[in-house]
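The primary structure of each chain is shown beneath.
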Amino acid sequence: MTRRRWNRGAILFALSLVALLVLAASIRYGAIDFSIPAIGQALAALLPGHPAPTLDQRIFLELRLPRAVLCLLVGASLGTGGALMQALFRNPIVEPGLVGTSSGAAFGSALFFVLGGVLNLGQSVWSLPLAACLGGVLSTYLVFLLARSREDGRASIVTLLLTGLAVNALFMSAIGFLTYIARDPQARSITFWSLGTLSGASWRAVEVVAVSTLAGTAVALRYAKQLNALMIGEEEATYLGVNVNRLKWIILSVNVVVVAVATAFTGVISFVGLVVPHILRMLGGADNRYLIVGSALTGAALLSLADLIARLTLRPAELPIGIVTSAVGVPVFLLLLRRRQYVF
Amino acid sequence: MLEARDISFKVGDKTLLSGVSVKFEPGRLHLVIGPNGAGKSTLIKMLARLLRPHEGQVLYEGADVQRASEIDLARRRAVLSQAVEVAFPLTVREVVMMGRHPHFGSRPGAADEKIVDELMEFFDVTEFDGRDYQTLSGGERQRVNFARVLAQLWRPGPACRYLFLDEPLTFLDIRHQIEFMKKVRAFADASDVVTVGVVHDLNLAARFADQIVLLNDGRVTAAGAPAEVLTRERIREVFGVEPTFVPAGQSGLHLIFD
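Predicted, not measured: the structure shown is a model, and the values here were computed from it.

Quick notes on the rules
- Residues numbered from 1 in each chain as written.
- Chains lettered and ligands numbered in written order.
- Predicted model: local features only at pLDDT ≥ 70, side-chain atom pairs only at ≥ 80, totals over all residues.
- Heavy atoms only, no water.
- Helix = DSSP H or I, 4+ residues; strand = E, 2+ residues; numbered from the N terminus.
- Buried < 20%, exposed > 50% of the residue type's maximum accessible area, 1.4 Å probe, protein only.
- Contact = heavy atoms within 4.5 Å.
- Areas by Shrake-Rupley, 256 points an atom, 1.4 Å probe, with all protein chains shown as cover.
- Salt bridge = Lys/Arg side-chain N within 4 Å of Asp/Glu carboxyl O.
- Polar contact = N/O pair within 3.5 Å; in protein donor to acceptor, adjacent residues only side chain to side chain.
- Nonpolar A, V, L, I, M, F, W, Y, C, P; charged D, E, K, R; others polar.
- Pairing = 2+ DSSP bridges.
- 1 Å grid on protein atoms, 1.4 Å probe; cavity = no way out; pocket = protein on both sides within 12 Å on 5 of 7 lines; lining within 4 Å.
- Points joined across faces, edges and corners; volume = space filled by probe spheres on them.
- Axes fitted to C-alpha atoms, helices over the stretch in contact; angles between N-to-C directions.
- Right-handed = clockwise from strand over helix to strand, strands pointing away.

Asks: Can you explain the overall build of chain A? Please cite residues and give values.
Replies: A tally of regular secondary structure across chain A gives 14 helices and zero strands. Counting across all 344 residues of chain A, residues that qualify as buried make up 53%. Pairs at least 24 residues apart make up 76% of the contacts formed inside chain A by residues separated by at least 6 positions. Surface exposure of chain A reaches about 15600 Å², of which carbon and sulfur atoms provide 67%.

Here's what the structure looks like:
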């Protein structure tokens, strides 16, 4: 079977256009619709010399717009995280949500919300993301420690998924406990952490997630060539001059930071990182440079679309976005599991 | 010139290699034989610097291989393994191009493409160019990987180059084994590369090798030309089988075991 592939540059260009279109739709529609002239006027209100924004315009500028941008960034983070994990573990069914990174990060953030106030921890913008990263490191490390085979030190994928499942359950129950004892009921709910939502978006969140997403993707791209060599095996990559241990540590760290920071502001959103690289591989092959950029773009577009669906389905109320991503992601996951060509 | 100088290797308290000293010359085909557990693969991995000896040194042109940088080593040393599984759908051409990784920066250049073309032609895999590697048979895959490994060494520079074959015949049928060994032989004759391989079949070893290294229980029992090394007494003692020598024309020894 000869594999027909499309031009990778063209795919990436098309994906950028799609992401922009979804962004436009996602700022236009929602609990209230904004017409295009209204969007223009609201943006113009930011310029000096214009009258102060009206209530509607403030809703647009302080709620709708940051949410749409955050959604793009979080989607990009999850897509990149999925591409990196799959490249690292040489398996197409690994994903940040499945191997525990996301739930650990959610646990770290929940712990910060509950204990942060009591213990009077720092109020810096970076405290919450830092707590999420620590949680993400903890759970990811736990999964890989437990899933490691005693004979050759490599994690088999079945063990990895089962361990991920157990660690996820552990951290989710810890989050349940934290939200149960939390004094501040309006702060966070269990639904927020377990199903994910972007309703808490703010410009501050956008700034923090933008830094981690862009920096993480840039670092990942530097190592794309080495990740490519890893596709033919760890031993073979070593023979091609790749320091495999060093590469593993760098990619795992980038992945934990990128995913944990996104999770800190949105809760656990599963399956985006699983589906996205897979679609791209079918279109344009397995080259990691293309996969990392493409996964960021596709993740951004897909999550924005999911958020739009989450906001429009029960308008003016909204669904947790994790419900939408799981509805799409679970069938893809099951299909992947049934395919024979992947070795478990 | 490649030299192992008094190397030893242990896993836990089990000694896999002890005091192995052996030299390998450029342009010749060296095959390592021995019963299971003799330390053949361990020796190859140590010569290729995947493993580090606990004692002794591996010398490339007289210099300790541990001091070489990863990228410098990757440009002059390549290893063909038993069976390479790729994790994702890669085309055959992409797999061969992997061999050029240590040579190009971010993307392959025209020279890399040309080398890949030539090697795919040499190994008769040009027709598979755009095909998914995962759909190939074992014999086809091994040819593709041989092309990849030679693409890695394809640099007619002054530095001495080293090719290691770590049980490359394991998953091949008899026809593919012989075809594969003929390619190895042709390559060894046409180049000044130091070639060291591990094989199990004594007849293939006797027919194709310039030098045979017989390992037993982590030690070198004998090293030299096939006819010198493969004597009735040694085969009986090391492998525990009784050989019958059959005259086999110009292709050297032919052995039947009992």
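This is not the end of the story, as more comes after the structure.
Asks: Please give an account of the interface of chain A and chain B that cites residues and values.
Replies: Listed as interface residues are 27 residues of chain A and, on the opposing side, 32 residues of chain B. At the junction of chain A with chain B, the criterion picks out two salt bridges. A salt bridge links Arg148(B) to Glu236(A), with the nearest nitrogen and oxygen atoms 3.4 Å apart. Our count for the contact surface shared by chain A and chain B stands at twelve residue pairs in polar contact (both at pLDDT 80 or more). Of all the elements in the fold, those that place two or more residues in the side of chain A that touches chain B are α3 (55–88), α9 (224–230) and α10 (234–239) of chain A. Looking at the side of chain A that touches chain B, the element that brings in the most residues is α10(A), giving four residues. When its residues are assigned to classes, the side of chain A that touches chain B shows ten nonpolar, eight polar and nine charged.

Asks: Tell me about the side chain of Ser295(A), and please be specific about residues and values.
Replies: All names here are of chain A. Summarising the element assignment, Ser295 is placed in helix α13 (residues 288–312). Classification of Ser295 as buried rests on a relative accessible area of 0%. Once residues lying within four places of it in the same chain are set aside, the contact partners of Ser295 are Gly79, Thr80, Ala83, Val276, Pro277, Leu280 and Tyr290.

Asks: Describe the sheet that holds strand β1 (residues 2–11) of chain B, and please don't skip the residues or the numbers.
Replies: All names here are of chain B. Strand order across the open sheet formed by four strands is β2-β1-β4-β5, with antiparallel pairing between neighbours. Edge positions in the sheet fall to β2 (14–24) and β5 (63–64), since each of these pairs with one other strand and no more. Relative to β2, β1 runs antiparallel, the two sharing seven bridges. Paired with Lys10 across the two strands is Thr15, which belongs to β2.

Asks: An account of the layout of surface pockets is needed here, citing residue identities and associated values.
Replies: A volume near 510 Å³ is recorded for the second largest pocket. Along the wall of the second largest pocket there are 22 residues; nearest its centre are Arg8(A), Asp287(A), Glu94(B), Met97(B) and Pro108(B). Of all the secondary-structure elements, those providing two or more residues to the lining of the second largest pocket are α1 (8–28), α9 and α13 of chain A together with α3 (92–98) of chain B. Among the elements that make up the lining of the second largest pocket, the one with the highest residue count is α3(B) (four residues).

Asks: Can you explain empty space enclosed by the protein? Please cite residues and give values.
Replies: Residues and elements named next belong to chain B. Across all of its chains, the model carries one cavity of 30 Å³ or more by this definition. Here the largest cavity is characterised by a volume of approximately 30 Å³. Lining the largest cavity are Arg75, Arg76, Arg155, Gly157, Ala159 and Arg161. Taken together, the residues of the lining of the largest cavity break down into one nonpolar, one polar and four charged.

Asks: Lay out the sheet that holds strand β7 (residues 162–165) of chain B with the relevant residues and their values.
Replies: Residue and element names in this part refer to chain B. Read from one edge to the other, the open sheet built from six strands follows the order β6-β7-β8-β3-β9-β10, with strand pairing classed as mixed. Edge positions in the sheet fall to β6 (77–80) and β10 (219–224), since each has one partner strand and no second. Neighbour to neighbour, the strand axes of the sheet diverge by 15 degrees on average, direction disregarded. Direction of pairing for β7 relative to strand β8 (residues 194–198): parallel, over a ladder of four bridges. Counterpart to Leu163 in the pairing with β8 is Thr195.

Asks: Let's hear about the pairing of β8(B): which residues, and what values?
Replies: Residues and elements named next belong to chain B. Counted residue by residue, β8 has five buried out of five residues, so it is predominantly covered. Where burial is concerned, the two faces of β8 agree: the one with Val194, Val196 and Val198 and the one with Thr195 and Gly197 are both buried. Note: strand β3 (residues 29–33) against β8, four bridges, orientation parallel. Residue pairing in the sheet places Leu29 in a bridge with Thr195 of β8. You can see the chain leave β7, run along helix α6 (residues 174–190) and come back into β8, and the turn it takes is right-handed.

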